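So the chains spell out like this:
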Amino acid sequence: MEMPLVLLLLIGFIGSSFCASQPLHTDVVLFGALGDLSKKYLWQSLFQLYLKEHNENQTFSFYGVSRDKEPDGSHKLTRILDDVSCAGDVSTVCGLKLSEFRHLVKYVQLKADEQFTAFGEETLKNTPKNSNWRLGRIFYLAIPPNVYASVAARLSSCCKLRPGQGTSKLVLEKPFGSDLPSALSMAKEIGQYFTEEEIYRVDHYLAKPVVQQILPFR
């Protein structure tokens, strides 16, 4: 499944949890924000999401998370965002949206427990700015699978929206385990913190033309 489609589906699922007439604010928290996958695909996809979905009834905050200290992390993220483009769209609207998007993205260093706690308590807001608004939160883990469970545990304690506050989703990049037993073990561990309905496993290689042509080739 292509990355923008995955994100659009997640926004749709979050929105479907509430009354359709209520405005929605979604926090998108990207772990591995300075990594190769994020540089090549994810930030561009997040901009496409913002370009398509942002309006007066649907707003976003974007957080790029890494272990790099400030100000190095912010500088690296700024350089990555400089490469995000309108992808052939030279309209004024796209240019304005791109500028808005870059200003909306905030860099966050998350490494120690106290940093996770501060992020949840001081940066993310679990109460909407207006009682008419609803909240959604997407945690995208483009990080090594061996730390999925530990990050999920920290997010559950500091940042995951509770029932009545809003809806949270956890996106996991492939590979998910090296075989069936390891995948089941990982799923069980992460399942302590996020329900199966809250978890999305993404293999971006399924969108590659070569993979899509396997059956015709056979």
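Values in this document were obtained by computation on a predicted structure and should not be read as measured data.

Thresholds, definitions, all that
- Residues numbered from 1 in each chain as written.
- Predicted model: local features only at pLDDT ≥ 70, side-chain atom pairs only at ≥ 80, totals over all residues.
- Heavy atoms only, no water.
- Axes fitted to C-alpha atoms, helices over the stretch in contact; angles between N-to-C directions.
- Helix = DSSP H or I, 4+ residues; strand = E, 2+ residues; numbered from the N terminus.
- Parallel < 35°, antiparallel > 145°, perpendicular 65-115°, else oblique.
- Left-handed = near helix turned anticlockwise from the far one by under 90°.
- Contact = heavy atoms within 4.5 Å.
- Buried < 20%, exposed > 50% of the residue type's maximum accessible area, 1.4 Å probe, protein only.
- Arc of directions from axis to C-beta.
- Pairing = 2+ DSSP bridges.
- Right-handed = clockwise from strand over helix to strand, strands pointing away.

> I tried to follow the packing of helix H6 (residues 148-158) against helix H7 (residues 180-190) on my own but got confused; where do I start?
Here H6 crosses H7 at 15 degrees, and the two axes come no closer than 9 Å. Comparing the axis directions of H6 and H7 gives the class roughly parallel. Crossing angle aside, the handedness with which H6 passes H7 is right-handed. Taken together, the residues of H7 that come into contact with H6 (itself represented by Tyr 148, Ala 149 and Ala 152) are Met 186, Glu 189 and Ile 190.

> Could you clarify how one ought to interpret unusual backbone geometry in this entry?
Across residues other than glycine, the phi torsion is negative in most instances, and most of the peptide bonds are trans. Following Glu 70, the chain continues into Pro 71 via a peptide bond in cis, with omega recorded as 0 degrees. Residue placement: Pro 71 occurs in the loop between strand E2 (58-66) and helix H3 (72-82).

> What's the story with H3 in this structure? I'm lost.
Because the α-helix completes a turn every 3.6 residues, residues three or four places apart line up on one side. Regarding H3, the residues found buried are Gly 73, Leu 77, Ile 80 and Leu 81. All buried residues of H3 project into a common sector of 95 degrees when viewed along the axis, lining one side. Buried residues belonging to H3 abut helix H2 (36-53), E2, helix H4 (92-104) and strand E3 (105-109).

> Quick question: what am I supposed to make of the pairing of E2 here?
A regular strand carries its side chains on alternate faces of the sheet. Burial analysis of E2 places nine of its nine residues in the buried class, which makes it a mostly covered element. A two-sided burial pattern is seen for E2, the buried positions comprising Gln 58, Phe 60, Phe 62, Gly 64 and Ser 66 on one face and Thr 59, Ser 61, Tyr 63 and Val 65 on the other. Here strand E1 (residues 24-31) pairs with E2 via eight bridges, running parallel. Of the residues in E2, the one forming a bridge with Asp 27 is Ser 61. After leaving E1, the chain enters H2 and then returns to the sheet as E2, a path that is right-handed. Sheet topology note: the E2/E3 ladder contains five bridges and is parallel. Counterpart to Gly 64 in the pairing with E3 is Tyr 107.

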